[in-house]
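Topology and contacts: notes
Single-letter residue listing:
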Amino acid sequence: MNRDDAYKMLSSIGQQHVLRYYDELSEAQQKLLLSQIEETDFSVLTRLSETQTDLKGTFSPLEAMQCAEIEKRKEEFYEVGIKNLKEGKVAALLLAGGMGTRLGAEVPKGVYDIGIKKPLYIFECLINNLMDVVKQTDKWIRLFVMTSEKNHDATVQFFKEKDFFGYKEEMVTFFKQDMAPACDFNGNLYMESKYRISTSPNGNAGWYTSMLRAGLGKILSEEGIEWINIFAVDNVLQRMCDPCFIGATVLADVAVGSKVVRKASPDEKVGVMCLEDGKPSIVEYYELSDEMRNAKDSNGDSAYNYGVILNYLFRVSDLESVAEKKMPMHIVKKKIPYIDEKGEYVSPSEPNGYKFEQLVIDMIRQLSSCLPYEVIRDKEFAPIKNLTGVDSVETARILLQKNGIEV
Ligand code: UTP
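Quick notes on the rules
Residues numbered from 1 in each chain as written. Predicted model: local features only at pLDDT ≥ 70, side-chain atom pairs only at ≥ 80, totals over all residues. Heavy atoms only, no water. Helix = DSSP H or I, 4+ residues; strand = E, 2+ residues; numbered from the N terminus. Expected span 1.5 Å × (residues − 1). Buried < 20%, exposed > 50% of the residue type's maximum accessible area, 1.4 Å probe, protein only. Core = buried A, V, L, I, M, F, W, Y, C linked by side-chain atoms within 4.5 Å. Contact = heavy atoms within 4.5 Å. Phe/Tyr/Trp six-rings, centres within 6.5 Å; stacked < 30°, edge-to-face > 60°. Near = heavy atom within 4 Å. Polar contact = N/O pair within 3.5 Å; in protein donor to acceptor, adjacent residues only side chain to side chain. Nonpolar A, V, L, I, M, F, W, Y, C, P; charged D, E, K, R; others polar. Axes fitted to C-alpha atoms, helices over the stretch in contact; angles between N-to-C directions. Parallel < 35°, antiparallel > 145°, perpendicular 65-115°, else oblique. Salt bridge = Lys/Arg side-chain N within 4 Å of Asp/Glu carboxyl O. Pairing = 2+ DSSP bridges.

Quick word on helix H5 (residues 122-137)
Every α-helix carries 3.6 residues per turn, so stepping three or four residues along brings you back to the same face. Given a rise of 1.5 Å per residue, 16 residues ought to cover 22 Å, and the 24 Å separating the end C-alpha atoms of H5 matches this to within 8%. Burial of H5 is extensive: 12 of the 16 residues sit out of reach of the surface. Among the residues of H5, those classed as buried are Ile 122, Phe 123, Glu 124, Cys 125, Leu 126, Ile 127, Asn 129, Leu 130, Met 131, Val 133, Val 134 and Thr 137. Within two residues after H5, Asp 138 carries a phi angle of roughly 60°, on the positive side.

Notes on the nonpolar core
Leu 143 and Tyr 167 are the most contacted members of the largest nonpolar core, which totals 60 residues. In terms of residue count, the dominant contributor to this core is H5 (9 residues). If we skip the residues at most four places from it in the chain, Tyr 167 touches Ile 127, Leu 130, Met 131, Val 134, Trp 140, Ile 141, Leu 143 and Val 172. Ranked by size, the runner-up nonpolar core spans 38 residues in total, among them Ala 205, Ile 219, Val 256 and Val 322.

Details of the packing of aromatic side chains
Taken as a whole, this structure holds 16 aromatic pairs when the rule is applied. Both rings, one in Phe 123 and one in Phe 158, keep their centres 6.2 Å apart while their planes meet at 40°; by these two values the pair is tilted. Taken as a pair, Phe 123 in helix H5 and Phe 158 in helix H6 (residues 152-161) lie far apart in primary sequence, 35 residues in all. Grouping residues by exposure puts Phe 123 and Phe 158 together as buried.

Examining the site of the ligand
The environment of the ligand is formed by 19 residues, the closest being Leu 95, Thr 101, Arg 102, Gln 177 and Lys 385. Gln 177 places a side-chain nitrogen or oxygen 2.6 Å from a nitrogen atom of the ligand. The backbone of Val 233 places a nitrogen or oxygen atom 2.9 Å from an oxygen atom of the ligand. Among the residues making up the shell around the ligand, the classes are represented as 8 nonpolar, 7 polar and 4 charged.

Concerning the packing of helix H4 (residues 74-86) against helix H9 (residues 243-252)
Following both chains from N to C, one finds H4 and H9 inclined at 95°, their axes separated by 6 Å at the closest point. Relative to H9, H4 is oriented roughly perpendicular. Across the interface between the two elements, Lys 74, Glu 76, Phe 77, Tyr 78, Val 80, Gly 81, Ile 82, Asn 84 and Leu 85 from H4 touch Pro 243, Cys 244, Ile 246, Gly 247, Ala 248, Val 250 and Leu 251 from H9. A breakdown of the residues in the contact of H4 with H9 according to their chemical character gives 11 nonpolar, 3 polar and 2 charged.

A look at the pattern of salt bridges
Enumeration over the complete set of coordinates arrives at 28 salt bridges. In this structure, the salt-bridge partner of Glu 24 is Lys 194, at a minimum N-O distance of 2.8 Å. Linking Glu 24 in the loop between helix H1 (3-12) and helix H2 (27-39) with Lys 194 in the loop between strand S7 (191-193) and strand S8 (196-197), this pair joins segments that are 170 residues apart in sequence. Take Lys 194: its relative accessible area is 28%, and that puts it in the partly exposed class. Salt-bridge contacts for Arg 239 lead to Asp 132; the nearest nitrogen and oxygen are separated by 2.8 Å. Highlighted residues: Arg 239 in the loop between strand S10 (227-232) and H9 and Asp 132 in helix H5, separated in sequence by 107 residues. One network of salt bridges, with partners in common, ties together Glu 149, Lys 150, Glu 192 and Arg 196.

Some details on the sheet that holds strand S6 (residues 183-184)
Two modes of strand pairing occur in sheets, parallel and antiparallel, and in both the strands are linked by backbone hydrogen bonds. The 3 strands lie next to each other as S6-S18-S15, forming an open sheet whose pairing is antiparallel. Where the open sheet ends on each side, the last strands, each with one partner, are S6 and strand S15 (330-334). Sheet topology places S15 next to strand S18 (residues 353-357); 5 bridges connect them, and they run antiparallel. Directly across from His 330, in S18, lies its bridge partner Glu 357.

Let's talk about the pairing of strand S14 (residues 306-315)
Buried residues dominate S14, accounting for 9 of its 10 residues. As defined by bridge partners, S10 adjoins S14 across 5 bridges and the pair is classed as antiparallel. The partner of Asn 229 across the bridge, within S14, is Leu 313. Pairing geometry for strand S11 (residues 256-262) and S14, over 6 bridges, is antiparallel. Paired with Gly 257 across the strands is Leu 313, a residue of S14.

A look at unusual backbone geometry
Apart from glycine, the bulk of residues carry a negative phi angle, and the bulk of peptide bonds sit in the trans form. Notably, Phe 164 is not glycine yet its phi reads approximately 55°, a positive angle. You will see that Cys 241, though not glycine, has its phi angle at about 50°, which is positive. Within the fold, Cys 241 resides in the loop between S10 and H9.

Quick look at the pairing of strand S19 (residues 370-374)
Counting buried positions over the 5 residues of S19 gives 5, a clear majority of the element. Burial along S19 is two-sided: Cys 370, Pro 372 and Glu 374 and Leu 371 and Tyr 373, pointing in opposite directions, are all buried. In the sheet, S11 pairs with S19 via 5 bridges, with the strands oriented parallel. Counted as the bridge partner of Ser 258 is Pro 372 from S19.

Below is the structure:
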């Protein structure tokens, strides 16, 4: 793409200001800008004019498989899970493309050191947990790590420096998720420098399409991977590729398994698994009616009682249909640093525009069946969103210690 092509294309969408500084850029910078223009998907901007309907369907309960039943069928599940792992049919996929703005660290979230007496990195905790499964199966599990353009190099370099925390390097595949441009409240693109449009990672549902775009579909088919266990970077007690969870999901013959935890209290602010118009979905705490709050399941427990923890096991064959569908776009007000008309860098203290994100929850809504699988919160859920307070480095350290992990 040359300057004239870029100008023509940008004018057609009213964004020609992106080239405002073009003539004063070095040749290398001009090239960078032109290639960013060529690669960026500007179609997200058209979604600003779509009415943001948040029309919900009819909710009904989706019974979770509870700990008592899991305990009873533990051996059966374990055997099936181990078999699938040994046959290389299950891969792990670490979602590490987020910006981690609430934690506010200078480094990618996984590189953050949460140790007290000794260094203990978030990535290290996750690799240790995955290694536990490798030891049980005596087989390396393919690990995909999704980064973003913003944190890719720092993430890869960190893994290399730390020798992959003992994981087998050839079994780790990094890929970058796609980025979405950011704009002001009138839909005008922000520039983060004179030769770069402001962009941000396109949300955690971007993982499957980004992975295919990176050419990794080849690994899935060559290695015969039938299931992908995606998990968030920020839960340091995350048990991924858990053989019992895999076994239960495979035997239930569902499109996706979802680890869930019992709500800490009826008012806890988490999304809970349910059905929406007969399909798996997640109902947000503020969408629960009184009737739903009082509904009971067959055990007499609350029927909407199991919160999601961003640990899902997707059946690969069902993902193809999701990739073809147009997913809802979440348009979120955020603080977006930019350069102003004088070319000066501005870091706003209040939200000044929109970012575009697609959420993994919407992938679940496209699938036909789901098994919510109960795990014990104190053993498997220690999210780190903030430095202090709720879901923080502080609370995660306490939970790690409770589980016998030195920090
Ligand atoms: P969060 O919703 O907590 O977002 O991500 P975040 O970006 O990490 O943190 P904040 O909101 O800026 O403080 C949940 C999981 O989804 C991943 C994150 O890395 C985390 O594992 N994620 C999120 C992505 O991989 N890509 C994204 O675009 C967004």
